[in-house]
Amino acid sequence: MPGRDRRSGRSGQAEAALVPMTASMLAAGLTKWPTWQQAWVTTVICLVLLAAVRRMRPSRFTEFSLPTLQELAVLTGLYGLWRSAKKLPLTQSEGAIERARSIVDIQEAIWLPTELSLQRFVIDHDPLGWLSAAYYITMHVPALFVFLAWMFWRHRDEYGRWRNILALTTAGCLFIRFVHVAPPRFLTDLGYQDLSEVYAMSVYGPVGTGVSGQFVAMPSIHVAWAGVIGIGIFAASSSRWKWLFAAHLPITILVVSATGHHWWLDGIVALGLIGLSWLIDEGVRRAWRARRPSELGDEGGEEVVVVGEGAELRELGDHVVG
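Residues numbered from 1 in each chain as written. Predicted model: local features only at pLDDT ≥ 70, side-chain atom pairs only at ≥ 80, totals over all residues. Heavy atoms only, no water.

### Here's the deal with the overall build of the protein chain
Logical step 1: Secondary structure summary: the protein chain contains 14 helices and zero strands in total.
Logical step 2: Per-residue burial for the protein chain yields a buried fraction of 39% across its 322 residues.
Logical step 3: The contacts of the protein chain with a sequence gap of at least 6 include a subset with a gap of at least 24, amounting to 83%.
Logical step 4: Accessible surface computed for the protein chain: about 18800 Å², of which carbon and sulfur atoms make up 65%. (Helix = DSSP H or I, 4+ residues; strand = E, 2+ residues; numbered from the N terminus. Buried < 20%, exposed > 50% of the residue type's maximum accessible area, 1.4 Å probe, protein only. Contact = heavy atoms within 4.5 Å. Areas by Shrake-Rupley, 256 points an atom, 1.4 Å probe, with all protein chains shown as cover.)

Laid out in structure tokens, this is it:
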């Protein structure tokens, strides 16, 4: 009987260990994002359908389809550019580890807390470690798609601004990433671990393979996109629930650091790019408005108020979502 009990105990422990392992494998399997080839094919299909719909007589169908297909073409094209950029032969991995150590020195000089303390905390609290790894691998791209769809249908007048900020910020991140920087998980001599590997949720294989580059910590695309989502929701929505969804930004900042994928400075630079992108978009809008002809009548009558794009749609739905 004692031997039987011991075997039952070991069996129970093995079964208990299978639960997080199975969940981890499922989470990793859900991150098979579309390839750059699939993105470009989708863009072409959207452009062909857009040309066909434009030849149709105006109707409710064309009113719905034209802006939808146009934005799908833009977004899938941008996604294709993002995924294609890693194929360019301009990136250099030489010196990536040394640059990472320089970031450690800079962060110490400006009194930033070490990411290692945060990582040890979530490792000591195992559920937090697993949740951090799962959040890192699953929320990055889907959250962005949901945000763009929500902004497009609920806040059309603000959608163009945040789509532009997203594109400019991503372009800035890709440009800086041509100078490679290793993430904390490569500095094992300092005690860092790759929590995605610890919990079997890594999207990376050997260096140079996997969903994304491995020496591209600076700046953090995760934080950049989460910043667009969080700040965009906070700026556009008047709902009391916006605080909950805008929390995606601080959660992402903590998660990317705790899992060993990014330095604090990676996120700081990404947020700085969002601010710069906003200034560029606002500057272009002001220059465009200044160049537009006056909307006044021939005899200096009342100013004609031009309704912003999508204002009618906003009036129909904002009282529900905010």
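### Regarding helix H13 (residues 264-291)
Logical step 1: Here H13 is 28 residues long and its end C-alpha atoms lie 41 Å apart, about the 40 Å a rise of 1.5 Å per residue gives.
Logical step 2: Looking only at H13, the buried set comprises Trp264, Leu265, Asp266, Gly267, Ala270, Leu273, Ile274, Ser277, Asp281 and Glu282.
Logical step 3: Packed against the buried residues of H13 are helix H4 (96-109), helix H5 (115-124), helix H8 (156-176), helix H10 (221-236) and helix H12 (248-258). (Expected span 1.5 Å × (residues − 1).)

### So, a nonpolar patch on the surface
Logical step 1: Judged by side-chain polarity, Leu168, Leu276, Trp278, Leu279, Ile280 and Val284 come together as a nonpolar surface patch covering roughly 540 Å² of accessible area.
Logical step 2: Ranked by residue count, the leading element in the nonpolar patch is H13, at five residues.
Logical step 3: Looking at the secondary structure, you find valine 284 in helix H13.
Logical step 4: The class of valine 284 is exposed, set by a relative accessible area of 54%. (Patch = residues over 30% accessible without salt bridge, like charges linked within 9 Å, V, L, I, M, F, W, Y side chains within 5 Å. Salt bridge = Lys/Arg side-chain N within 4 Å of Asp/Glu carboxyl O.)

### Structural notes on H5
Logical step 1: Along H5, the residues that are buried comprise Glu115, Leu116, Gln119 and Val122. Taken around the axis of H5, the buried residues stretch over an arc of 130°, which confines them to a single face.
Logical step 2: Sitting at the amino-terminal end of H5 is threonine 114, which places a side-chain oxygen 3.1 Å from the backbone nitrogen of leucine 116. (Arc of directions from axis to C-beta. Polar contact = N/O pair within 3.5 Å; in protein donor to acceptor, adjacent residues only side chain to side chain.)

### Some thoughts on unusual backbone geometry
Logical step 1: For the bond from methionine 218 to proline 219, the omega torsion is -15°, close enough to zero to count as cis.
Logical step 2: The phi angle at tryptophan 111 is positive, at roughly 65°, despite the residue not being glycine.
Logical step 3: Summarising the element assignment, tryptophan 111 is placed in the loop between H4 and H5.
Logical step 4: You can call tryptophan 111 exposed: its relative accessible area is 78%.
Logical step 5: Phi at alanine 200 is positive, roughly 55°, even though this residue is not glycine.
Logical step 6: Among the structural elements, alanine 200 can be located in the loop between helix H9 (195-198) and H10.
Logical step 7: Judged by its relative accessible area of 41%, alanine 200 falls in the partly exposed class.

### Some details on the nonpolar core
Logical step 1: Phe147, Met151, Trp225 and Val228 are the most contacted members of the largest nonpolar core, which totals 32 residues.
Logical step 2: The set of elements that each furnish at least two residues to this core consists of helix H3 (60-85), helix H7 (140-154), H8, H10, H12 and H13.
Logical step 3: Considering each element in turn, this core owes the most residues, nine residues, to H10.
Logical step 4: Contacts of phenylalanine 147, omitting those with residues within four sequence positions, involve Trp162, Val228, Ile229, Gly232 and Ile233. (Core = buried A, V, L, I, M, F, W, Y, C linked by side-chain atoms within 4.5 Å.)

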